[in-house]
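Residues per chain, in single letters:
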Amino acid sequence: MNSKLYGKLIFEFSHPGRKAYSLPKNDFGRHEFPESMKRRNDAELPECDELTVVRHYTNHSGNNFGVDNGFYPLGSCTMKYNPIIDEEIAALPAFSNLHPMQPEQTVQGALEVEYNLQQALSTITGMDDFTLNPYAGAHGELTGLMIIRSYHESRGDIKRKKVIVPDSAHGTNPASAAVCGLEVVEVKSTADGLVDVDHLKPLLGDDIAAIMLTNPNTLGLFEKDIPEIANLIHSCGGLLYYDGANLNPLLGISRPGDMGFDVVHLNLHKTFSTPHGGGGPGSGPVGVKEHLREFLPKPHVVKDGNRFTVESPCCCRKSDGYCFKNNRISTYLGNFLVNLRAYAYILSLGKENIKNVGPLATLNANYIKESLRNDYELPIDLVCKHEFVFNGLKDKSTGVTTMDVAKRLLDYGFHAPTIYFPLLFSEAMMIEPTETESKDSIDQFIEVMRVIAKEARETPQLLKDAPVNTPIGRVDDVLAAKQSILVYKDDK
Ligand SMILES: *Cc1c(COP(=O)(O)O)cnc(C)c1O
């Protein structure tokens, strides 16, 4: 694109009097708004012709990088290809034109979709029921923890205020626990990256509400001690919460419900086909075992004979004025079109093919790990599941950091992996290829990672200066965070 245009705001192309539209002649005469409703000053809007507007936004959209542009190995974020058929189904007017306030008898099909998805997700995860209401993973975590808190409180067990979270956990886990008014207790990992059961034991007691785990964990490792962990937590009266944001490696193979988890959340926008990133629409459904069903938020779709109905929020007023039911966590039934995409995705794979997701995601991750282990430091040398972590380049003498490698990858047209997370390793580089990449694109990535390792040895300055092929070069992260300029100032 024309570099002179880059970084400009649409306001900078503005000229008084230019227009991108003209209204048709009106046959209805002139009608004035009441004076009290008129604005006193003109709105400060850019005045541009249509072509300028089209070019401005088209050029900006070209600076975006998404799964549809190239390989996007962002560990713990599952940036995978989302089949277009799911988009087509979500765009059908019969679904996209629905209004959430329509009477139940006019939306039986939509309710059936929601009900069937609740059932399908229950079968996939080994739970007894699901709510599709939460809007994102973190929102699901909050919902799940509120369910757990309500469960304990309904039994008069009000001392349980602590939530155990491993040091490798996704940042939203401790954040959600804190938002829910619970106290976070960290459990350490062993040198092998698994929950340290010996460190866990002394933390247990009658003040533990739950443990939040993800399995495979954030290092892509299967928590093999999960039966013992489940037993320990349940024996002390706590519940097990499963962060299933990235369910790919397990799909159709094993189920959190069978591992002893009581509550599960999933990210439909990671594992079940909805493009994500940039704050787009998501869905973080929460599944529970039977004993927690009554605490699921409302509204909730149930089947009554051949009809689908919606259980309304509880309006009971207990004598002590407190209801343990969680009621609303969102407006209506969540992000319906995201839920619909997930349902279409599950049906299009079918129970035969959904079983291939996990093994392929696992194979791809292990293939990259083994292919690059001579150039990059592998701190935990185990068979991984869908993702794994390198600790920077193997040769530490070059001074080239994980940040430099990540920036250089951009020059080669790849998105960088997740870097400096998890916090267990100082130069962490977390790679998740997902099951949707072909061997060709994975081989290209491996090749480029090898070239970068060679550059680090031979021409390290090249990496320090990267990226050089992107519209803007390396930004000062600290300055951008500490002195961010969020408001446009017109210097003219
Ligand atoms: C992405 C992710 C979350 C949070 O999901 P959001 O939809 O971004 O709120 C939670 N846990 C794990 C492991 C994740 O990867």
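An unreviewed UniProt entry lists the protein under the name Probable glycine dehydrogenase (decarboxylating) subunit 2, with Prevotella micans F0438 as the source organism. Its UniProt record, at the heading Cofactor (unreviewed entry), says of the protein: "pyridoxal 5'-phosphate". We quote the UniProt Sequence similarities (unreviewed entry) comment for the protein here in full: "Belongs to the GcvP family. C-terminal subunit subfamily."

## With respect to empty space enclosed by the protein
Applying the stated rule across the entire model yields two cavities of 30 Å³ or more. When its volume is computed, the largest cavity comes out at roughly 80 Å³. If you trace the largest cavity, you find it lined by Leu219, Leu221, Lys369, Leu378, Pro379, Ile380, Leu382, Cys384, Phe388, Val389 and Phe425. A class-by-class count of the residues in the lining of the largest cavity yields ten nonpolar, no polar and one charged. A volume near 30 Å³ is recorded for the second largest cavity. The wall of the second largest cavity is formed by Pro166, Ser168, Ala169, Leu213, Thr214, Asn217, Thr218 and Glu223.

## With respect to the nonpolar core
Core analysis: the biggest nonpolar cluster contains 51 residues, and Leu121, Ile229 and Phe272 have the highest contact counts within it. Looking at this core, the elements with two or more residues in it are helix H4 (108-125), strand E3 (183-187), helix H7 (197-200), strand E4 (208-213), helix H8 (226-235), strand E5 (239-244), strand E6 (263-266) and helix H11 (336-372). The biggest single contributor to this core is H11, with nine residues. If we skip the residues at most four places from it in the chain, Leu121 touches Phe130, Leu132, Leu266, Leu268, Phe272, Pro285 and Ile346. Formed by 25 residues, the second largest nonpolar core is a distinct cluster that contains Leu378, Phe390, Leu393 and Phe414.

## Some remarks on the domain arrangement of the protein
Segmenting the protein into domains produces domain 1 (10-61), domain 2 (84-353) and domain 3 (356-481). Put simply, the middle of domain 1 and the middle of domain 2, counted by C-alpha atoms, are 45 Å apart.

## Concerning the UniProt feature "modified residue: N6-(pyridoxal phosphate)lysine" (unreviewed entry) in the protein
On the UniProt side, "modified residue: N6-(pyridoxal phosphate)lysine" (unreviewed entry) is annotated at positions that read Lys270 here. Judged by relative accessible area, which is 9%, Lys270 ranks as buried. Leaving out residues up to four positions away in the same chain, Lys270 has contacts with Ser76, Cys77, Thr78, Lys80, Ala245, Asn246, Asn248 and His276. Separated by 3.4 Å, the side chain of Lys270 and the backbone oxygen of Ser76 make a polar contact.

## Remarks on the packing of helix H12 (residues 402-411) against helix H13 (residues 439-458)
Where H12 contacts H13, the two axes come as close as 10 Å, and the packing angle between them is 125°. Judged by the inter-axis angle, H12 sits oblique to H13. The two elements H12 and H13 cross, and the hand of that crossing is right-handed. Along its contact with H12, which presents Val405, Arg408 and Leu409, the element H13 presents Phe445, Val448, Met449, Ile452 and Glu455. A class-by-class count of the residues in the contact of H12 with H13 yields six nonpolar, no polar and two charged.

## Here we look at H11
Across its 37 residues, H11 extends only 41 Å between first and last C-alpha, which sits more than 12% below the 54 Å expected from 1.5 Å per residue. Considering bend angle alone, the principal kink of H11 is centred on Gly350 and spans about 95°.

## With respect to the side chain of Asn215
Position of Asn215 among the secondary structure elements: in the loop between E4 and H8. The exposure class assigned to Asn215 is buried, which follows from its relative accessible area of 0%. Once you skip the residues sitting within four places of it in the chain, Asn215 turns out to touch Leu221, Phe222, Glu223, Ile226, Tyr242, Leu250 and Met259.

## Thoughts on the sheet that holds strand E11 (residues 418-419)
With antiparallel pairing, the three strands of this open sheet are ordered in space as E10-E12-E11. With one partner strand each, in any of the chains shown, strand E10 (388-391) and E11 form the two edges of the open sheet. In this structure, E11 lies alongside strand E12 (residues 428-431), joined through two bridges in antiparallel fashion. For Thr418, the partnering residue across the bridge sits in E12 and is Met430.

Thresholds applied
- Residues numbered from 1 in each chain as written.
- Predicted model: local features only at pLDDT ≥ 70, side-chain atom pairs only at ≥ 80, totals over all residues.
- Heavy atoms only, no water.
- UniProt positions renumbered as here; feature names shortened; annotations may be inferred.
- 1 Å grid on protein atoms, 1.4 Å probe; cavity = no way out; pocket = protein on both sides within 12 Å on 5 of 7 lines; lining within 4 Å.
- Points joined across faces, edges and corners; volume = space filled by probe spheres on them.
- Nonpolar A, V, L, I, M, F, W, Y, C, P; charged D, E, K, R; others polar.
- Core = buried A, V, L, I, M, F, W, Y, C linked by side-chain atoms within 4.5 Å.
- Buried < 20%, exposed > 50% of the residue type's maximum accessible area, 1.4 Å probe, protein only.
- Helix = DSSP H or I, 4+ residues; strand = E, 2+ residues; numbered from the N terminus.
- Contact = heavy atoms within 4.5 Å.
- Domains from an automatic or database assignment.
- Polar contact = N/O pair within 3.5 Å; in protein donor to acceptor, adjacent residues only side chain to side chain.
- Axes fitted to C-alpha atoms, helices over the stretch in contact; angles between N-to-C directions.
- Parallel < 35°, antiparallel > 145°, perpendicular 65-115°, else oblique.
- Left-handed = near helix turned anticlockwise from the far one by under 90°.
- Expected span 1.5 Å × (residues − 1).
- Bend = angle between axes of the 7 residues up to and from the residue.
- Pairing = 2+ DSSP bridges.

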